[in-house]
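# Survey of secondary and tertiary structure
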Amino acid sequence: MLTVYENTNIIFSALASGASGYLLKKSSPKQIIEAIREVHAGGSPMTGHIARKVVASFQKIAHPAHDYETLSLREQQVIDGLAQGYTYQNCRMLK
């Protein structure tokens, strides 16, 4: 994908729709040629700025904003019990 758009939603929509890479039109002709070669070789070229956006989005997904700490103590106990392999029924008996 070669575009002027840097919007995160557009980036992910393009990648989800089958784009092999994502470069901005302000890339140099040399960068565009290198990207074409990289795609041909099986790579997924991205402008550095775009790659940072993609990585940041995955980090947000992998590490949500500390939702665990917002749970009540009892909710945390149930989650901990489930993580240790207890069934929900058994977690109800934990204190």
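Position numbers for residues count from 1 along each chain, tracking the sequence in the order it is written. Per-residue local features are limited, in this predicted model, to residues with pLDDT of at least 70; the limit for side-chain atom pairs, both in listing and counting, is 80 or more; totals at the level of whole chains, interfaces and linings are taken over all residues. Computation of side-chain values: all heavy atoms of the structure, hydrogens and water removed.

Attention shifts here to the overall build of the protein. Helix and strand assignments follow DSSP, with helices taken as H or I runs no shorter than four residues and strands as E runs no shorter than two, numbered in order from the N terminus. The number of helices and strands found in the protein is 5 helices and 2 strands. Going residue by residue from the N terminus, the α and β elements of the protein occur as β-α-β-α-α-α-α. Scaling as 2.2 N^0.38, a compact globule of 95 residues should have a C-alpha radius of gyration of about 12 Å, whereas the protein reaches 21 Å, well beyond that. Burial classes: relative accessible area under 20% of the type maximum marks a residue as buried, over 50% as exposed, and values in between as partly exposed (1.4 Å probe, protein chains only). Within the span of the protein, comprising 95 residues, buried residues form 19% of the whole. In this analysis, two residues are considered to be in contact whenever any of their non-hydrogen atoms come within 4.5 Å of each other. Across the protein, contacts joining residues at least 24 apart in sequence account for 29% of those joining residues at least 6 apart. Here the globule rule is a power law, 2.2 Å times the number of residues to the power 0.38, and the radius of gyration is based on C-alpha atoms.

As a further point, take the nonpolar core. Counting 6 residues, the largest nonpolar core is built from Ile-11, Ala-14, Tyr-22, Leu-24, Ile-50 and Val-54. Secondary-structure elements contributing two or more residues to this core are helix H1 (8-16) and helix H3 (48-62). Sequence-distant contacts of Tyr-22, that is, excluding residues within four places in its chain, are made with Met-1, Thr-3, Tyr-5, Ile-10, Ile-11, Ala-14, Pro-45, Met-46, Thr-47 and Ile-50. Among buried residues, the Ala, Val, Leu, Ile, Met, Phe, Trp, Tyr and Cys ones that are joined through side-chain atoms within 4.5 Å form a nonpolar core.

What makes a patch is a set of residues exposed beyond 30% relative accessible area and free of salt bridges, joined within 9 Å when like-charged and within 5 Å when nonpolar (Val, Leu, Ile, Met, Phe, Trp, Tyr). All accessibility values rest on the Shrake-Rupley procedure with a 1.4 Å probe; residue burial counts only the protein chains present in the view. Should a side-chain nitrogen of Lys or Arg be within 4 Å of a carboxyl oxygen of Asp or Glu, the pair is scored as a salt bridge. On the surface, Tyr-68, Leu-71, Ile-79, Leu-82 and Tyr-88 cluster together into a nonpolar patch covering about 440 Å² of accessible area. Here Ile-79 shows up in helix H4 (residues 73-83). The partly exposed category is assigned to Ile-79, whose relative accessible area is 40%.

With that settled, consider helix H2 (residues 29-40). Between the first and last residue of a helix there are one fewer steps than residues, each counted as 1.5 Å, and that sum is the expected span. Taking 1.5 Å per residue, 12 residues should reach 16 Å; H2 reaches 17 Å between its end C-alpha atoms and fits that length. Following H2 by one or two positions, Gly-42 adopts a phi angle in the positive range, close to 100°.

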